[in-house]
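The chain contents come next:
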Amino acid sequence: QLNNGNGTFSEIAQLAGVSHTDWSWATFFIDADHDGWRDLFVANGQMKDVRNKDFEINRSRMLASRDTTADLHAILFEIAQMAPTKKIKNYFYRNNRDLTFTNVTDAWGFSDETWTQGAAYGDLDNDGDLDVIIHNTNDPVMIYASQINDLKINNYLTVLVEGPGKNTKGINAKVTVSCEDLTQVGEITPVRGYMSSVQPMAHFGLGSCEMVEEVTVEWPDGYALTMHNVPANQTVVVRHTDAQKKVKSPDPVVTVFEEITNPEPISYPENAYDDYVREVLLPYKLSTLGPVAAKADVNGDALDDLYLGGSAGNPGTLYLQREDGAFIKFHTRSFIQDAVYEDGCATFFDTDQDRDLDLYVCSGGNEFDLNTDLYQDRLYLNDGAGNYTRSDALPQIGASTSVAVPMDFNEDGDMDLFVGARQIPGRYGQIPRSLLLRNVNGRYEDIGAAALPDEGLLGMVTDAVWLQAPGAQSQLVIAGEWMRIRMFQWVEGKFEEYSMPGLERSEGMWNRIIAVDIDVDGDLDLIAGNCGKNLKYSAESDKPFKMLVNDFDGNGSNDVYLGYYDKQDGQCYPVRGRECSSQQMPFVKAKFASYSDFAQATINEILEGRMEGSQELNARTFASGIFENVDGEFHFRPFRSEAQIAPVFGIVLHDFNADHKPDIFLAGNYYNREVETTRSDAGIGNLLLSKEGLDFDYVHPSKSGVIASKDVRNVLLLKRKSDFVLAVANNNSDMQLYRVVVNEGNNSIQ
């Protein structure tokens, strides 16, 4: 759990690489290699694996076949003997200094297989490093003596604390040390893990630092003591009798954002729908992708207004901005009449060239049957005062669409549209047909089958952008899930794919893409939001996350099967377990009589003889980041780890700290993942302040002021009369509003 410094914690075990440690008991953080960063020890083992699925089945069979009234104790003992038993290793993880850890269990000498419950640490031989003691079932206690100080690589400092009265060990005292731009904090809390207690001290690795600039001890009663220029490689004793009462003066908190409230809630209620009834093996719910949001000055008062899309059965809503900066619901009859639709995108543009902004709304979601009128996109015309009426200028549309990009691709003076399709309802993984809508005298006709590559079967499109760089030919860029980022140019009456180097193996689970010259070098770069790396599976260029699509059991339904590559043997295994797999494809249970057999089978072995006609889709990266344009070639620069703890659905560019450089705000979560995958809820928003080129300062959440921890789907920056407001759109919850606090102090926030 990552402490965000604002009263919230984020679960990042999967990003950190420490989530799969088997049956774990005692855990603790210590700086085992004295590099200044705490490492992680996890004690593992259970003598009888009573949660083994095959054992559960055999246990149920035995209980059903025996008379439990005769000799229950004997039966229970016999059942216990049936449970599988296997000793396993304890795990040691080295801190990589970027919120991730590397398993160094064998390298650090912990290759013994045991059933370990208790574990503790202390400097047993008083040589300045930490030794580890473990308690095992049916085995002797083991002591692992640290050799780090014998290697003379790094330095350390141990602080013993004496508290007042009977608190002779200084329990709950906080110790802070500062050395060479690195500040560490430790607390004297000896209880660690299962029935274990460690030596009551604060121990710090110092790396190459030989002189600690400052050591501060704070006791729970408010007394504190600070020492300066403390030499390394020693044990110091700090006594409460030498401390003084600390006068607490609240530190001034300077944040970039300040939360504000709107006179009325701006809410998005989600309709109830179970996607898994139709498709058990979906990776996530496709019916909870909203809300979509868009901004524009719809009534000509020079203030940004807001459209928040609706879910099925709940209308989209227009909020007009008042002079005082409040957003007030503007009841629109056309939106209310169209409440049955699920909004998949919203885009303001001037379709009829009357100098006001009309509104295109995609119809998305997954609730409805294919080819119903409920996937018909909608175009609403503005009368100039923000009153919208539905137009009949669109052709028949039957896809679940996700993005609409206005553009004059044929340069005839009116606005055409690219409309990206995200998925085919009930047939996830099959490629939907995107549309190219040509404006012909105010009415639109779909020419995508003839004017788009592959007759419009471009991928599962989630976002798109029209690039208009000075002095260069305009280009359409699209992104989506299970697909690479693709670029197209209009050439002789149709779009042709433009092969930009650096995008060839960019397949990801992309949610958002924007184009901007972020490094201010005269060309357009791409900022792309992905699903993040805080997931139980990973994606790499040569070992992609995989999806196979087919009717594998021949029953007429669409089956999707996810696979991941094991880092040990390099084989591809299914993400979903035997139970869920067999619910969608009953042949799995018949083919693999036991959970053990299934667990050892590769995805090809499971689907053997059923692969003909199947489609394979891949994701080669889950990281969000920047595609830097370097002389006509893209180089992917992933964001730092803090920006990978959750998916990115919202990207805002703005000079937040008034230093005349474009900064980036990112946000996103996704709660509704399949049952065997924990929900993505660790995101709280990330603010990256621009330095030079593509260097950014990460602003700690305690100093940004934003807590975007809900089920975030989009972020907008709204201009008010005298400031800007960051609007965070959340699924099944209220929108959050944060005023951008522009002052001179902001450019020092890091």
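Residues numbered from 1 in each chain as written. Predicted model: local features only at pLDDT ≥ 70, side-chain atom pairs only at ≥ 80, totals over all residues. Heavy atoms only, no water.

Pairing is antiparallel across the open sheet formed by four strands, whose spatial order is β22-β23-β24-β25. Where the open sheet ends on each side, the last strands, each with one partner, are β22 (293–296) and β25 (327–330). Strand-to-strand twist of the sheet, defined as the mean angle between neighbouring strand axes without regard to direction, takes the value 25°. (Pairing = 2+ DSSP bridges. Helix = DSSP H or I, 4+ residues; strand = E, 2+ residues; numbered from the N terminus. Axes fitted to C-alpha atoms, helices over the stretch in contact; angles between N-to-C directions.)

Closest axis-to-axis distance for the helix α2 (residues 53–65)/helix α3 (residues 72–82) pair is 10 Å, and the angle between their directions is 155°. The orientation of α2 with respect to α3, classified from their angle, is roughly antiparallel. Where α2 crosses over α3, the two elements pack in a sense that is right-handed. Counting all contacts with α2, which are made through F55, N58, R59, M62 and L63, the residues of α3 involved are I75, E78, I79 and M82. Across the contact of α2 with α3, the residue classes break down as six nonpolar, one polar and two charged. (Parallel < 35°, antiparallel > 145°, perpendicular 65-115°, else oblique. Left-handed = near helix turned anticlockwise from the far one by under 90°. Contact = heavy atoms within 4.5 Å. Nonpolar A, V, L, I, M, F, W, Y, C, P; charged D, E, K, R; others polar.)

Turning our attention to the sheet that holds strand β41 (residues 545–550). In space, the four strands of this open sheet follow the order β43-β42-β41-β44, with antiparallel pairing throughout. Two strands close off the open sheet at either side, each with one partner strand: β43 (572–574) and β44 (615–619). Adjacent strand axes in the sheet meet at a mean angle of 30° when their direction is disregarded. Two elements, strand β42 (residues 559–565) and β43, share three bridges in a ladder whose sense is antiparallel. Note on β43: the bridge partner recorded for G563 is P574.

Glancing now at a negative patch on the surface. Taken together, the side chains of E180, D181, E210, E213 and E214 define an acidic patch exposed on the protein surface. For E213, the location among the structural elements is in strand β16 (residues 211–218). (Patch = residues over 30% accessible without salt bridge, like charges linked within 9 Å, V, L, I, M, F, W, Y side chains within 5 Å. Areas by Shrake-Rupley, 256 points an atom, 1.4 Å probe, with all protein chains shown as cover. Salt bridge = Lys/Arg side-chain N within 4 Å of Asp/Glu carboxyl O. Lys, Arg positive; Asp, Glu negative; His and termini not counted. Charge placed at Lys NZ, Arg CZ, Asp CG, Glu CD.)

We now examine the pattern of salt bridges. In the structure shown here, the tally under the stated rule is 33 salt bridges. K246 serves as the salt-bridge partner of E218, at 2.8 Å between the closest nitrogen and oxygen. A residue pair is termed long-range when its members are at least 10 positions apart, and E218 in strand β16 and K246 in the loop between β19 (244–245) and β20 (257–260) qualify at 28 residues. For K246, a relative accessible area of 40% puts it in the partly exposed group. Note that E445 and R438 form a salt bridge whose closest N and O atoms lie 2.3 Å from each other. Assessed through its relative accessible area of 32%, E445 is described here as partly exposed. One salt-bridge network, held together by shared partners, links D454, R484, R486 and E497. (Buried < 20%, exposed > 50% of the residue type's maximum accessible area, 1.4 Å probe, protein only.)

Moving on to α2. Taking 1.5 Å of rise per residue, the 13 residues of α2 would be expected to cover 18 Å, and the 19 Å separating its terminal C-alpha atoms lies within 8% of that figure. Among all positions in α2, only D54, F55 and M62 are buried. The arc that holds the buried residues of α2, viewed along the axis, is 95°, so those residues lie on one side. Where α2 is buried, its residues contact α3 and α9 (595–599). Two or three places before D54, at the opening of α2, N52 has a side-chain oxygen 3.0 Å from that residue's backbone nitrogen. (Expected span 1.5 Å × (residues − 1). Arc of directions from axis to C-beta. Polar contact = N/O pair within 3.5 Å; in protein donor to acceptor, adjacent residues only side chain to side chain.)

A word on the state of the cysteines. A full pass over the atoms with the stated rule returns two disulfides. The side chain of C179 participates in a disulfide bridge whose partner is C209; the two sulfur atoms lie 1.5 Å from each other. In this structure the cystine formed by C179 and C209 twists about its S-S bond by roughly 55°; its chirality is therefore right-handed. Taken together, the residues C179 in strand β13 (residues 174–179) and C209 in the loop between β15 (202–207) and β16 connect sequence positions 30 residues apart. Disulfide pairing places C345 opposite C362 at an S-S distance of 2.1 Å. Negative torsions about the S-S bond denote left-handed disulfides, and the value of about 65° found for C345 with C362 makes this one right-handed. Of this pair, C345 sits in strand β26 (residues 343–349) while C362 sits in strand β27 (residues 358–363); the two residues are 17 residues apart in sequence, bridging distant segments of the chain. For the pair C345 and C362, a shared accessibility class is recorded, and that class is buried. (Disulfide = S-S within 2.5 Å.)

Looking at where D131 falls in the secondary structure, it is placed in strand β10 (residues 131–136). Since its relative accessible area comes to 1%, D131 is described here as buried. For D131 and E258, which are 127 residues apart along the polypeptide, the C-alpha to C-alpha distance reads 47 Å. In this structure the side chain of D131 is engaged in a polar contact, spanning 2.9 Å, whose partner is the backbone nitrogen of L124.

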